[in-house]
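# Secondary and tertiary structure notes
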Amino acid sequence: MEHSDTITTPARPAKPVPAGRPALGEDKRTRRVNLSVNVRELEALRALAEREGATSLSRWVRDRVLASLDERARTGDVEREIARLRADLNRVGNNVNQVARVLNAANRWRAAPPEDLRVLESIEEVRRVLGEIRAWTSEHS
C-alpha cells in the first residue's frame, strides 16, 4: 500500500434544508371573519367559485374581497385625479372668460376686427369642449 503525503479534511456536512413552505411571519393569516349568507347566496357563491376553477370557497371569497379592496384604493386615486383635473379645468375656463370679457369690452365701441371675431369663436369652442370634459368627469367621479 502506498502512503500519500496529502492531508485531506473531511467534508462538511450540508445544512439541512427546512421542510415545507417558508414561514409567513406577519403575513400569516391568523384572524377570522365570519360571513352569514342565505341558501341562495351560498349556492350562487359556490357556482361562481366553481366556474372560476376555485378549489376552496373560503379562499375564493377572501381573494375576491381583497381584490375589491385593491380596486377601491385604485378608484380613490382616480377620483382624486379627476378632482384635480376639474380644478385645473375651472382655472382654464376662468382665464378664457377673462379674455372674452376684454375682447367684448374692446369691441363694444367699435367694429370688431376679423381677428377678434376668430378669437371669440375659438373661445366659444373652448367653452364647449370644457363643458364636455366637465360632463364626462361628473359621470366618472
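Structure first, text after, so check above.
Residues numbered from 1 in each chain as written. Predicted model: local features only at pLDDT ≥ 70, side-chain atom pairs only at ≥ 80, totals over all residues. Heavy atoms only, no water.

This next bit is on the overall build of the protein. Each helix and strand counted, the protein has three helices and zero strands in total. Across the 141 residues in the protein, those meeting the buried criterion constitute 12%. (Helix = DSSP H or I, 4+ residues; strand = E, 2+ residues; numbered from the N terminus. Buried < 20%, exposed > 50% of the residue type's maximum accessible area, 1.4 Å probe, protein only.)

Quick look at helix α1 (residues 39-51) now. Along its 13 residues, α1 runs 18 Å from first to last C-alpha, staying within 8% of the 18 Å computed at 1.5 Å per residue. Its side-chain oxygen at 3.1 Å from the backbone nitrogen of Arg-40, Asn-38 defines the N-terminal cap of α1. Just beyond α1, the residue with positive phi is Gly-53, at close to 80°. (Expected span 1.5 Å × (residues − 1). Polar contact = N/O pair within 3.5 Å; in protein donor to acceptor, adjacent residues only side chain to side chain.)

A word on the nonpolar core. Counting five residues, the largest nonpolar core is built from Val-96, Ala-100, Leu-103, Leu-120 and Ile-123. If you list the elements that add at least two residues to this core, you get α2 (57-107) and α3 (114-139). Considering every element that reaches this core, the biggest residue donor is α2, with three residues. In contact with Val-96, other than residues within four places in its own chain, are Ile-123, Val-126 and Arg-127. (Core = buried A, V, L, I, M, F, W, Y, C linked by side-chain atoms within 4.5 Å. Contact = heavy atoms within 4.5 Å.)

Within the secondary structure, His-140 sits in the segment after α3. Since its relative accessible area comes to 39%, His-140 is described here as partly exposed. In the structure, His-140 is positioned 61 residues away from Glu-79 in sequence and 8.0 Å away in space, judged by C-alpha atoms.

Quick look at the layout of surface pockets now. Looking at the largest pocket, its volume works out to about 690 Å³. Lining the largest pocket are 18 residues, and of these Arg-32, Val-33, Ser-58, Val-61 and Arg-62 lie nearest its centre. Sorting the residues of the lining of the largest pocket by element identifies α1 and α2 as the ones contributing at least two each. Per-element accounting of the lining of the largest pocket gives the leading share, seven residues, to α2. (1 Å grid on protein atoms, 1.4 Å probe; cavity = no way out; pocket = protein on both sides within 12 Å on 5 of 7 lines; lining within 4 Å. Points joined across faces, edges and corners; volume = space filled by probe spheres on them.)

A cluster of nonpolar side chains, contributed by Val-65, Leu-66 and Leu-69, occupies part of the molecular surface with about 250 Å² of accessible area. Here Leu-66 lies in helix α2. On the basis of relative accessible area, Leu-66 is assigned to the partly exposed category, the value being 34%. (Patch = residues over 30% accessible without salt bridge, like charges linked within 9 Å, V, L, I, M, F, W, Y side chains within 5 Å. Areas by Shrake-Rupley, 256 points an atom, 1.4 Å probe, with all protein chains shown as cover. Salt bridge = Lys/Arg side-chain N within 4 Å of Asp/Glu carboxyl O.)

Purely geometric stuff here, so don't read any function into it on its own.
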